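# Structure at a glance
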2 protein chains.
Amino acid sequence: MNAPEGYDKHAFEPFAVTVDLAVFTVRAGALQVLLVERGQDPYAGQWALPGGFVLPDESAERAARRELAEETGLVDVSGLHLEQLRTYSEPDRDPRMRVVSVAYTALLPDPPEPRGGGDAARAQWLPCDGLGPLAFDHDRILADARERVGAKLEYACLAPAFCPPEFTLGELQQVYEAVWGTVLDRPNFRRKVLATPGFVEQIPGAARLTGGRGKPAALYRAGAATALHPPLLRPSPEGRPSS
Amino acid sequence: MNAPEGYDKHAFEPFAVTVDLAVFTVRAGALQVLLVERGQDPYAGQWALPGGFVLPDESAERAARRELAEETGLVDVSGLHLEQLRTYSEPDRDPRMRVVSVAYTALLPDPPEPRGGGDAARAQWLPCDGLGPLAFDHDRILADARERVGAKLEYACLAPAFCPPEFTLGELQQVYEAVWGTVLDRPNFRRKVLATPGFVEQIPGAARLTGGRGKPAALYRAGAATALHPPLLRPSPEGRPSS
DNA sequence: CCAAAAGTGTTATTTGTACACCCATGC
DNA sequence: GCATGGGTGTACAAATAACACTTTTGG
């Protein structure tokens, strides 16, 4: 260790510890992220990821869930998917002082319009594609979060977190297509999903019309499984580098 | 945000920010981890992961690499694999004060005997299996790190990080077997590794005797690829939960 | 009847797995 | 020769991908 063993609480320049949230949803066939408009400098007027300080007696996870509730305006966020992404600690990432930020990724079903948090900041859903530069290092955080979500869809039972409690396989497929930016073969998608026991389970008699036209689709809910074996691989973007 | 926007550097209880390192190697056919014996309370006499404070002007990544050099006694750690694992921030994880720790995973080829760091702490390689309880929440960190390394071997070109610059395919296979705790089919392992272009590349004329006996093995070095397509999946531990 | 979306079936191809087998070396 | 570890070939089973086809709804 590189510091006196009998920690002196104020011997060091204090670090502020914050959480930043990349909150995703799928709306209008596109992956969207919740952003807030900054009211003060630095980066006044620019979009930023929602976030805030970790309080002295709470874990980063708890702080993230508290912020999630405040920013989305949802009363019950206990069922939402929230997962630690990674920690960003470059000394100059905030010009005001040393801030170490633990970033989290959250997934929501098609949500209500957000209200700003306690302060007056405007919060809004925006498509991930074609965003101007964000405040601080939030471009990097958002890119990392997107990549993580896309990768986890392959091997984890993550997609139902984007869907309401009851959903159709078509809706589930749209989640994959929106996040990956690809189109998938419906029959094969269907088979792969149903081949993993516990990924989704059918709601016995129920069916729902989806787009007005077309055959009514069977309804499913999320199952108990957490891992996807075998994985649902996204198509190689180009000439596959393998074999 | 939940704090005054004009950050007052000392308005909050300060957080200490540290790094903890799970440094792995493969020795004697087993996955081993670098541990230090604690000299002071709390947890005096128990094994702990090496680590230390993040200094005011360095990133967590830089702190981790600095600690890695100090704990292993290696002069050049720039080529070693070092990767952020996740951050542990439970308020009571250190009884002395609020410590948020960013954990890192490092991989080494069969290393020299470690020397303790600047302080008198004893540092030692120990097999991951059958370790008594570690200090703080380091059991949890170590378990998470092991799981991460095992999972990443499947889809990332990670295994050569456990090997010297020139290695045989047999040595590479032993890495997989030690980390996963399984035995693999040699012909199939070989094919899969060579089927991914850029995973390993053969050193033209070279060959080396491995165990004294047996045919000399061709030597390889790590290639430029970082991802493994298709992945090298570990055998399902039991009745596979899929299809 | 037509369009749209759900759902089923079939087939060719690729990939994975479990082996049997040969090669080169030390003892 | 024989044990040991490296390296190659092959045959069967399983997973994947592409696409034709049927079903059920609204207009």
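Since the model is a prediction, treat every value here as computed from it, not as a measurement. (Residues numbered from 1 in each chain as written. Chains lettered and ligands numbered in written order. Predicted model: local features only at pLDDT ≥ 70, side-chain atom pairs only at ≥ 80, totals over all residues.)

Here we take up the protein's contact with DNA strand D. Not every one of the 23 residues close to DNA strand D is listed here, only the nearest: Gly170, Pro187, Gly214, Lys215 and Ala218 of chain B. Elements with a minimum of two residues in the surface near DNA strand D: helix H4 (186-195) of chain A together with helix H3 (169-180), helix H4 (186-195) and strand E9 (217-222) of chain B. With 3 residues, H4 of chain B is the single largest residue contributor to the surface near DNA strand D. Broken down by class, the residue content of the surface near DNA strand D amounts to 7 nonpolar, 9 polar and 7 charged. (Near = placed C-beta within 6 Å. Helix = DSSP H or I, 4+ residues; strand = E, 2+ residues; numbered from the N terminus. Nonpolar A, V, L, I, M, F, W, Y, C, P; charged D, E, K, R; others polar.)

This part covers the protein's contact with DNA strand C. Near DNA strand C you find 24 residues, and of these Gly170, Pro187, Gly214 and Ala218 of chain A together with Pro187 of chain B are the closest. Elements that contribute at least two residues to the surface near DNA strand C include exactly helix H3 (169-180), H4 and strand E9 (217-222) of chain A together with H4 of chain B. Per element, the largest residue contribution to the surface near DNA strand C is 3 residues, and it comes from H4 of chain A. Its residues assigned to classes, the surface near DNA strand C comprises 8 nonpolar, 9 polar and 7 charged.

Residue and element names in this part refer to chain A. Here helix H2 (residues 138-155) crosses H3 at 140°, and the two axes come no closer than 10 Å. By the angle between their directions, the pair H2 and H3 is classed as oblique. When you trace H2 past H3, the crossing you get is left-handed. On H3, the residues touching Val149, Gly150 and Leu153 of H2 are Tyr176, Val179 and Trp180. (Axes fitted to C-alpha atoms, helices over the stretch in contact; angles between N-to-C directions. Parallel < 35°, antiparallel > 145°, perpendicular 65-115°, else oblique. Left-handed = near helix turned anticlockwise from the far one by under 90°. Contact = placed C-beta atoms within 7 Å.)

Attention now goes to H3 of chain A. Since there are 3.6 residues in each turn of an α-helix, residues three or four apart along the chain are aligned in direction. Residue and element names in this part refer to chain A. Taking 1.5 Å per residue as the helical rise, H3 with its 12 residues ought to reach 16 Å, and the 17 Å between its terminal C-alpha atoms agrees with that figure. Taken together, the buried positions of H3 are occupied by Glu171, Leu172, Val175, Tyr176, Ala178 and Val179. Viewed along the axis of H3, the buried residues span an arc of 170°, placing them on a single side of the element. Buried positions along H3 lie against strand E1 (16-27), strand E2 (30-37), H2 and H4. Once H3 finishes, Gly181 follows within two positions and takes phi at roughly 70°, a positive value. (Expected span 1.5 Å × (residues − 1). Buried ≥ 20, exposed ≤ 12 C-beta atoms within 10 Å, placed from the backbone. Arc of directions from axis to C-beta.)

Let us now look at the domain arrangement of chain A. Residue and element names in this part refer to chain A. Per the domain assignment, the segments of chain A are domain 1 (16-153) and domain 2 (156-222). Summarising the inter-unit geometry, the C-alpha centres of domain 1 and domain 2 are found 27 Å apart. With 12 residues of domain 1 in contact, the opposing surface of domain 2 contributes 13 residues. Taken together, the elements giving at least two residues each to the side of domain 1 that touches domain 2 come down to E1, E2 and H2. Residues belonging to the side of domain 1 that touches domain 2 are distributed by class as follows: 7 nonpolar, 4 polar and 1 charged. (Domains from an automatic or database assignment.)

Its location among the elements puts Leu74 of chain A in the loop between helix H1 (60-72) and strand E5 (81-88). Distance from Leu74 of chain A to Glu113 of chain A, taken between C-alpha atoms, is 10.0 Å for residues 39 residues apart in sequence.

We now examine the environment of Pro109 of chain A. All names here are of chain A. Its place among the elements puts Pro109 in the loop between strand E6 (99-107) and strand E7 (123-127). Pro109 sits 84 residues away from Val193 along the chain, and the two C-alpha atoms are 19 Å apart. Ignoring any residue separated from it by four or fewer positions in sequence, one finds Pro109 in contact with Phe162, Cys163 and Pro164.

Moving on, we get to the nonpolar core. Residues Ala22 of chain A together with Ala22 of chain B are the most contacted members of the largest nonpolar core, which totals 109 residues. Here Ala22 of chain B is in contact with Val33, Leu49, Leu85, Ala103, Thr105, Ile141, Leu142 and Ala145 of chain B, once residues within four sequence places are set aside. (Core = buried A, V, L, I, M, F, W, Y, C linked by C-beta atoms within 7 Å.)

All names here are of chain A. Cis geometry is found at the peptide bond from Asp41 to Pro42, where omega equals -5°. With respect to the helices and strands, the residue Pro42 is situated in the loop between E2 and strand E3 (47-48). Look at Phe136: it is not a glycine, yet its phi comes out positive at around 50°. In this fold, Phe136 is placed in the loop between E7 and H2. Accessibility expressed as a C-beta count within 10 Å gives 22 for Phe136, which makes it buried.

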